[in-house]
Amino acid sequence: MVRDYHPDEKKKDNHTGNSGENNRTNERSTDNQEQASNAHFGRRSLLKAGAAAGLGIVGTTSLTELAAASIDKSSNGKYDVWKITGKEVYDLSDGEKLSNILVDQTADGATLTIRSQNKSKWAVRNIGFLGVGQDGEGSSSFQFQVSTPSGGHGLIENIWANGKARDGQPASQLGGIYIRPSHEGHIDIRHTYIEGFGNNAVYASAVGKDGGNAGSVTLKNCYHRDNTVSQFRIGSPKSIVRNCVGVVNDPDGKRGQYPSDGSYNARCVWGKHFRNQRIENSSFYLSPNDVNPDTVFEARYIDERSEGEQAVVNANGCNVNANAPQLQSSTSNATVNTTSLGKNPTVAVIGGGGVPLSPKMAASGNRSMPPELPGADGGNNSKNSTPSKADGGNSSNDSTEIKTECPKAQPQRQSTEN
């Protein structure tokens with residue numbers, strides 16, 4: 001199916017590109033908002049950096065110890081607990097290893113954004129987010145907002161985040177992980193559980209248009225479900241989705257709405273701007289009963305803005321439920337190619353022990369296999385298709401939990417938690 005834009009669709013565009021993507025200024029607004037927001041959201045980061053310089057702190061030392069005024073921290077011996085009360089931004093340093101943190105953002109209006117502004121050799125592991133996270137301006141529009149320089153590398157691994165309405169909190173219009181247009185190196189994203197956000201689970205396509213630096217991303221062994229816009233969104237050379245699962249099955253509309261127009265429209269995969277956007281050995285379930293299902297695979301090219309010659313999504317060895325409302329769609333100068341496409345989607349494609357199934361499981365460095373997908377006939381087996389509970393995990397899988405080998409990067413502190 002070739003999808004041409006409707007004139008009214010173009011009016012809905014902003015930097016997240018859910019609809020027409022015709023406004024160059026708005027498409028670049030994410031980085032512009034970051035710059036403009038430094039006076040507010042980045043102020044604590046700038047103060048922390050100044051304090052670090054004054055204390056002679058250099059190299060890979062974390063700035064967390066300098067943030068006590070804005071983030072209440074404690075430890076229970078297994079992981080640190082950061083209690084967030086407002087909209088906070090944590091800036092990564094070159095070479096920083098940030099790990100084993102339970103981020104409590106259950107307070108009204110609370111959000112933590114973990115950000116890398118072209119830093120390299122950083123790694124973020126074993127982070128669980130309690131609470132849905134409330135959207136805001138600038139850098140607090142995503143839980144992660146990251147980039148690396150040319151030749152640089154970053155890693156995001158073993159993460160649990162869920163923006164669905166629950167526990168008295170409304171659904172979040174945040175996005176999960178945003179790859180900044182300035183990204184020029186490579187970022188690996190592995191073993192992530194991202195559910196229910198209003199602005200993509202992983203938004204990694206801005207690097208491929210409007211002068212972006214076309215840095216690459218590899219998503220591997222990830223489970224993303226019920227995120228508005230897309231579960232996996234890529235748009236640069238050498239970017240890959242491999243051994244992943246994408247699910248769109250939210251009939252009650254508990255996920256976050258798209259910020260600019262309030263829609264629930266959701267795809268599994270969105271590949272943009274360049275040829276050879278690779279989707280390999282992955283499973284996708286697009287339910288006809290979802291509140292607003294779109295398509296499994298979509299390719300999109302934007303004239304005079306996409307930096308490649310053509311947008312091509314190549315899906316190889318993937319499985320999709322037989323009753324998906326739409327398998328593929330594309331704009332002009334874009335196409336979707338499927339090879340060895342099966343009809344039996346399964347979570348078994350996820351390797352390495354699965355993904356964390358709760359915030360505490362993530363913070364503890366553990367993971368497990370998610371519940372199995374409905375059968376190939378699209379049958380609604382609620383026992384097998386229900387996602388893990390927000391804070392309790394899936395106890396039925398405790399016997400198969402995998403402990404990740406990752407030493408804590410933060411200094412041990414005396415426990416203040418019962």
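One can find the structure itself at the top, above this paragraph.
Residues numbered from 1 in each chain as written. Predicted model: local features only at pLDDT ≥ 70, side-chain atom pairs only at ≥ 80, totals over all residues. Heavy atoms only, no water.

A.B. asks: Would you mind going over the sheet that holds strand E23 (residues 328-330) with me for this structure?
C.D. replies: By way of backbone hydrogen bonds, the strands of a sheet pair with one another, either parallel or antiparallel. Pairing in this open sheet of 9 strands is parallel, and the strands run E3-E5-E7-E9-E11-E14-E17-E20-E23 from one edge to the other. Of all strands in the sheet, those with a lone pairing partner are strand E3 (87-91) and E23, marking the two edges. Taking the axes of each pair of neighbouring strands and ignoring which way they run, one obtains an average angle of 15° across the sheet. With 3 bridges connecting them, strand E14 (residues 232-234) and strand E17 (residues 269-272) associate as parallel partners. Its bridge partner being in E17, Arg 233 is matched across the sheet by Trp 270. (Pairing = 2+ DSSP bridges. Helix = DSSP H or I, 4+ residues; strand = E, 2+ residues; numbered from the N terminus. Axes fitted to C-alpha atoms, helices over the stretch in contact; angles between N-to-C directions.)

A.B. asks: What is the right way to read the nonpolar core from this model?
C.D. replies: Across soluble globular proteins, nonpolar side chains have a tendency to be buried as a group. Counting 57 residues, the largest nonpolar core has Ile 114, Ile 189, Leu 219, Ile 279, Phe 284 and Phe 297 as the members making the most contacts within it. Among the elements that line this core, the one with the most residues is strand E6 (residues 122-130), at 4 residues. With residues near it in sequence (within four places) discarded, Leu 219 still touches Ile 189, Val 202, His 224, Phe 232, Ile 234, Ile 240, Val 241, Arg 242 and Cys 244. One finds Val 349, Leu 357, Ala 362 and Leu 373 within the second-largest nonpolar core, a separate group that totals 14 residues. (Core = buried A, V, L, I, M, F, W, Y, C linked by side-chain atoms within 4.5 Å. Buried < 20%, exposed > 50% of the residue type's maximum accessible area, 1.4 Å probe, protein only. Contact = heavy atoms within 4.5 Å.)

A.B. asks: Looking at this structure, I do not really get the environment of Arg 225. What am I missing?
C.D. replies: Along the polypeptide, Arg 225 turns up in strand E13 (residues 223-225). With 24 residues separating them in the primary sequence, Arg 225 and Ala 201 have C-alpha atoms 8.0 Å apart.

A.B. asks: I would appreciate a short explanation of the pairing of strand E16 (residues 245-248) in the present structure.
C.D. replies: Look at any regular strand and the pattern is simple: side chains alternate between the two faces of the sheet. Neither face of E16 is left uncovered, since the one carrying Val 245 and Val 247 and the one carrying Gly 246 and Val 248 both have all their residues buried. Alignment of E13 against E16, held across 3 bridges, turns out to be parallel. Following the sheet pairing, His 224 is matched in E16 by Gly 246. In the sheet, E16 pairs with strand E19 (residues 283-286) via 4 bridges, with the strands oriented parallel.

A.B. asks: Just checking my understanding: could you explain the packing of aromatic side chains for this structure?
C.D. replies: The geometry of an aromatic ring pair comes down to the distance between the two centres and the angle between the two planes. Enumeration according to the criterion identifies 9 aromatic pairs in this entry. Pairing Phe 142 with Tyr 203 gives two aromatic rings, centres 6.3 Å apart and planes at 80°, and the pair type is edge-to-face. Here Phe 142, found in strand E7 (residues 142-146), pairs with Tyr 203, found in strand E11 (residues 202-204); they are 61 residues apart in sequence, far enough to count as distant. For the pair Phe 142 and Tyr 203, one class covers both residues: buried. Through a chain of ring-to-ring contacts, the aromatic side chains of Phe 142, Tyr 178 and Tyr 203 assemble into a single cluster. Sitting above the plane of the Tyr 203 ring, Arg 233 keeps its charged end 3.9 Å from the centroid. Above the ring of Trp 270, the side-chain terminus of Lys 272 is found at 4.1 Å from the ring centroid. (Phe/Tyr/Trp six-rings, centres within 6.5 Å; stacked < 30°, edge-to-face > 60°. Lys NZ or Arg CZ within 6 Å of the ring centre and 35° of its normal.)

A.B. asks: For this particular structure, what's the right way to read the side chain of Ser 306?
C.D. replies: Summarising the element assignment, Ser 306 is placed in the loop between strand E20 (297-300) and strand E21 (311-316). The class of Ser 306 is buried, set by a relative accessible area of 8%.

A.B. asks: I'm lost on the pattern of salt bridges in this one. Help?
C.D. replies: Pairing between side chains of opposite charge can happen when the charged atoms of each approach one another. Summed over the entire model, instances satisfying the criterion amount to 17 salt bridges. Note that Asp 104 and Lys 83 form a salt bridge whose closest N and O atoms lie 3.5 Å from each other. Taken together, the residues Asp 104 in strand E4 (residues 97-104) and Lys 83 in strand E2 (residues 80-84) connect sequence positions 21 residues apart. Asp 104 gets classed as buried once you look at its relative accessible area, which sits at 13%. Using a relative accessible area of 36% as the deciding quantity, one classes Lys 83 as partly exposed. A salt bridge links Arg 242 to Glu 280; its shortest N-O distance comes to 2.9 Å. Of this pair, Arg 242 sits in strand E15 (residues 240-242) while Glu 280 sits in strand E18 (residues 277-280), and the two are 38 residues apart along the sequence. Take Arg 242: its relative accessible area is 24%, and that puts it in the partly exposed class. Here Glu 280 falls in the buried class, since its relative accessible area comes to 18%. (Salt bridge = Lys/Arg side-chain N within 4 Å of Asp/Glu carboxyl O.)

Just geometry here; none of it tells us what the structure is for.
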